[in-house]
Amino acid sequence: MGTSDETKTDDDGTTSAATIFPIPASQRVKRQGMDFYENTLGAPKYVVAPMVDQSELAWRLLSRRHGAQLCYSPMYHSNVFIQDPKYREQALQSCSEDRPLIIQFCGNDPKILLEASLIAQDHCDAIDINLGCPQAIAKRGHYGSFLQDEWQLLQKIVSTLHKGLAVPVTCKIRRFNDLSKTIKYAQMLANAGCQMLTVHGRTREQKGPFTGVADWNYIKAVRDSVSVPVLANGNILSVEDIDDCIRETNVVGVMTAEGNLHNPAIFERNYIPVTWDLANEYLDIVEKYECPRGYVRGHIFKMLHHLLALKQNQETRDEVATAQTIAQFRSIVNRLKAIFEPYHTGQAVWTKEDEKSNDYNLSLPPWICQPYIRMPPEKHIEYLAQKEKEASEREKIDYFDEDGRKISKNTMKRLKKAARKSHAERLRQKQNSKFEICNGTKCANPTGLKCDHKMCRQCCRDKCHTDNLECEGHKCRVEPVKRKNICPNNTEISQTDQPK
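Since we're looking at a predicted model, the values are computed, not measured. (Residues numbered from 1 in each chain as written. Predicted model: local features only at pLDDT ≥ 70, side-chain atom pairs only at ≥ 80, totals over all residues. Heavy atoms only, no water.)

*Asks:* How do you make sense of the overall build of the protein when you look at a structure like this?
*Replies:* Per the secondary structure count, the protein includes 22 helices and twelve strands. Scored against the burial criterion, the 500 residues of the protein give a buried share of 46%. Relative to all contacts within the protein whose residues are 6 or more apart in sequence, the contacts with residues 24 or more apart total 62%. (Helix = DSSP H or I, 4+ residues; strand = E, 2+ residues; numbered from the N terminus. Buried < 20%, exposed > 50% of the residue type's maximum accessible area, 1.4 Å probe, protein only. Contact = heavy atoms within 4.5 Å.)

*Asks:* Is there a simple way to explain the pattern of salt bridges in this structure?
*Replies:* Oppositely charged side chains are able to pair whenever their charged atoms sit close together. A complete count under the given rule lists 22 salt bridges for this structure. Among the ionic pairs, Arg330 bridges to Asp284, the shortest N-O distance being 2.9 Å. On the criterion of sequence distance, the pair formed by Arg330 in helix α16 (residues 326–345) and Asp284 in helix α12 (residues 275–288) is long-range, its members being 46 residues apart. With relative accessibility at 18%, the residue Arg330 sits in the buried group. Among the ionic pairs, Glu319 bridges to Arg335, the shortest N-O distance being 2.9 Å. Of the two residues, Glu319 sits in helix α15 (residues 314–322) while Arg335 sits in helix α16, which places them 16 residues apart along the sequence. The exposure class of Glu319 is partly exposed, given its relative accessible area of 32%. Here the salt bridges share partners, and the residues they tie into one network are Asp149, Lys181, Arg204 and Glu205. (Salt bridge = Lys/Arg side-chain N within 4 Å of Asp/Glu carboxyl O.)

*Asks:* Please explain unusual backbone geometry as it appears in this structure.
*Replies:* Note: most peptide bonds trans; most residues except glycine with negative phi. Of note, the bond from Arg99 into Pro100 is cis; its omega dihedral lies within 30 degrees of zero at 0 degrees. Within the secondary structure, Pro100 is located in the loop between α4 (85–91) and β5 (101–106). We note that Asn270 has phi near 55 degrees; this positive angle belongs to a residue other than glycine. Relative to the assigned elements, Asn270 resides in the loop between α11 (258–262) and α12. One non-glycine residue, Lys475, lies in positive phi territory at about 60 degrees. For Lys475, the location among the structural elements is in the loop between α21 (457–467) and α22 (480–483). By relative accessible area, Lys475 is classed as exposed at 57%.

*Asks:* Any chance you could explain the side chain of Arg297 here in plain terms?
*Replies:* The topology assignment puts Arg297 in helix α13 (residues 293–303). A polar side-chain atom of Arg297 sits 3.1 Å from the main-chain carbonyl oxygen of Val320. Excluding anything up to four places from it in sequence, Arg297 contacts Val320, Ala321, Thr322, Ala323, Gln324 and Phe329. (Polar contact = N/O pair within 3.5 Å; in protein donor to acceptor, adjacent residues only side chain to side chain.)

*Asks:* What should I look at first to understand the confidence of the model for the protein in this one?
*Replies:* Parts of the prediction with low pLDDT should not have their coordinates interpreted in detail. Taken residue by residue, the protein gives an average pLDDT of 86. The fraction at 70 or more is 85%. Low pLDDT, under 50, characterises residues 1–19; the predicted model gives this stretch 40 contacts beyond four residues in sequence or across chains. Below a pLDDT of 50 lies the segment residues 486–500, which in the model reaches 14 contacts outside its immediate sequence neighbourhood of four places, other chains included. (pLDDT = per-residue confidence, 0-100.)

*Asks:* So what exactly am I meant to see when it comes to a positive patch on the surface here?
*Replies:* A grouping of Lys387, Arg394, Lys409 and Lys413 is seen on the molecular surface, where their side chains present a positively charged patch. As for its placement among the helices and strands, Lys409 is situated in helix α19 (residues 409–419). With relative accessibility at 45%, the residue Lys409 sits in the partly exposed group. (Patch = residues over 30% accessible without salt bridge, like charges linked within 9 Å, V, L, I, M, F, W, Y side chains within 5 Å. Areas by Shrake-Rupley, 256 points an atom, 1.4 Å probe, with all protein chains shown as cover. Lys, Arg positive; Asp, Glu negative; His and termini not counted. Charge placed at Lys NZ, Arg CZ, Asp CG, Glu CD.)

*Asks:* How should I be thinking about the nonpolar core in this particular structure?
*Replies:* One broad trend across soluble globular proteins is that nonpolar side chains are buried collectively. Within the largest apolar cluster, 108 residues are counted, with the highest numbers of intra-cluster contacts made by Leu189, Leu197, Tyr282 and Ile300. Broken down by element, the residue count for this core peaks at seven residues, all from α12. Residue contacts for Leu197: discarding those within four places in its chain leaves Cys171, Ile173, Ala186, Leu189, Val222, Val228, Pro229, Val230 and Leu231. Grouped together as the second largest cluster of nonpolar side chains are eleven residues, Cys456, Cys459, Cys464 and Leu469 included. (Core = buried A, V, L, I, M, F, W, Y, C linked by side-chain atoms within 4.5 Å.)

*Asks:* Which parts of the structure should I look at to understand helix α9 (residues 216–225)?
*Replies:* The set of residues buried in α9 consists of Trp216, Tyr218, Ile219, Ala221, Val222 and Arg223. Residues of α9 that are buried make contact with α8 (179–192), β8 (194–200), β9 (230–233) and α10 (239–249). Measuring from the backbone nitrogen of Asn217 back to the side-chain oxygen at the start of α9 gives 2.9 Å, which picks out Asp215 as the cap.

*Asks:* I tried to follow the sheet that holds strand β6 (residues 126–131) on my own but got confused; where do I start?
*Replies:* What links the strands of a sheet is backbone hydrogen bonding, and the strands pair in either a parallel or an antiparallel sense. Ordered in space as β3-β4-β5-β6-β7-β8-β9-β10, the eight strands form a closed barrel in which the pairing is parallel. Across the sheet, the axes of successive neighbouring strands diverge by a mean angle of 25 degrees, strand direction being ignored. Pairing analysis gives four bridges linking β8 to β9, with the strands arranged parallel. Residue Val199 lies in a different strand from β9, and its bridge partner there is Ala232. α8 contacts β6, β7 (169–174) and β8 of the sheet and is inclined by roughly 155 degrees relative to β8. (Pairing = 2+ DSSP bridges. Axes fitted to C-alpha atoms, helices over the stretch in contact; angles between N-to-C directions.)

*Asks:* I keep staring at the packing of α8 against α9 and nothing clicks. Help me out?
*Replies:* Packed helix pairs are characterised by how far apart their axes lie and by the angle those axes make with each other. Across the interface, α8 lies against α9 with an axial gap of 9 Å and an inter-helix angle of 45 degrees. It follows that α8 is oblique to α9 by the angle criterion. Crossing hand, α8 versus α9: right-handed. Residues Leu179, Thr182, Ile183, Ala186 and Gln187 of α8 form the contact with α9, whose participating residues are Tyr218, Ala221, Val222 and Ser225. A breakdown of the residues in the contact of α8 with α9 according to their chemical character gives six nonpolar, three polar and no charged. (Parallel < 35°, antiparallel > 145°, perpendicular 65-115°, else oblique. Left-handed = near helix turned anticlockwise from the far one by under 90°. Nonpolar A, V, L, I, M, F, W, Y, C, P; charged D, E, K, R; others polar.)

*Asks:* Help me understand a nonpolar patch on the surface in this model?
*Replies:* Residues Phe210, Met375, Ile381, Tyr383 and Leu384 make up a contiguous nonpolar surface patch of roughly 460 Å² in combined accessible area. The residue Leu384 is located in helix α18 (residues 377–393) in this model. Overall, Leu384 belongs to the partly exposed group, its relative accessible area being 42%.

*Asks:* Is there a simple way to explain the pairing of β7 in this structure?
*Replies:* The side chains of a regular strand alternate, residue by residue, between the two faces of the sheet. Summarising burial for β7: six of the six residues are buried, a large majority. Burial along β7 is two-sided: the residues Val169, Cys171 and Ile173 and Thr170, Lys172 and Arg174 are all buried. Of the strand pairs in this sheet, β6 and β7 are connected by five bridges, and their pairing is parallel. Following the sheet pairing, Ile127 is matched in β7 by Val169. Direction of pairing for β7 relative to β8: parallel, over a ladder of five bridges. Looking across to β8, one finds that Val169 is bridged to Cys194. A crossover links β7 with its parallel partner β8, the connecting element being α8, and its sense is right-handed. (Right-handed = clockwise from strand over helix to strand, strands pointing away.)

This is the structure in structure tokens:
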């Protein structure tokens, strides 16, 4: 699968990938609709979704090696992309193998989105507008699916980009509860200049533990009502799901996010995706194309999810959480390989009793990449009710810090998390940082510029809470109940000393 707009004819008459990368958008043909899908993108059926902090270059290349025919970049904030050179440089990281590629932006200002897209258009085959993100951060930032009721604004955004860019504009959306409204919504975007639609078969409210099942009937209805190509998204956890979805909805291709994260070879038929093979292959690519370690950690967690869910691997899971180098991640992967490869090759016998896991019922052994199946929403509600009942019946546990002061469970969790950062790491960050480092114990965050205690926000809050202090910079106030029992010198007044 290639990008036909970026090939050239060699002296011997054969066609090869263009040696100049990237080719400026002004030197390429701007195609529309099915012409864009077939002749620019190469008619892809297997598509990797845009995933924040997850669909970076290294992951895209791994997915392409195992059958992906089109990849999206992570979602980028258009405003930050314009203002932050480092953010922009990381966002535009690519190579000649990384095509066809669509870069996705979020935002609510047509001018800012256009400015960001004009910078990015030379590095991709199309610009996608995120109109599907349902997360709370999208609600606060007023983008993603929280724009889906503002049709006049969306019409202006799409038409502005369609007219101002040298590459096509595409959109990724979620459905409404109402079928006719969903159809009109898709038609409005297509009429405004959207050249390809990706329809997620879930509503904005279907997320997290309440994700539930995507409704493909809405996707089929949109496909039948617009002339532009439509990709389906939702319920894609295996290659068989892809076949079923295309057959039932008549879409041109299928996009997957979680299915790809847990099994980057989801598009590859007749292949056994062994976790340690794919994890090591990914780490090899990361050594060539650097990315933040948080991205690597997230991918290792998801590829090894079912192995790390085994109770016998709890310590290994904790090691993944604290690993900082590629060598450390590779050591963990190879250690798991040494333990479980004999079972995979048949030298040892694996039984269900060996799993001892709280994981969902697995149809494959845990060292094979396979989807993570969420608990159905109604089961999740029952689970929460059961947990609440158990919590009310058991004796309350008190938590204390190193000085013996009583603290909350959340504060204890934060202290344990901070303790995982070594003293050497703190010193390294202090030496490399142009900011003053927080005075909190084992904390490597920069101090608040206006903090009265020379601490970061979280450490300052913890200190003010435990020591009954205040901080003007972080707006920490002593609770009224505590204030009336505190003298000006911060000493508590005993009951006998309080005025009558």
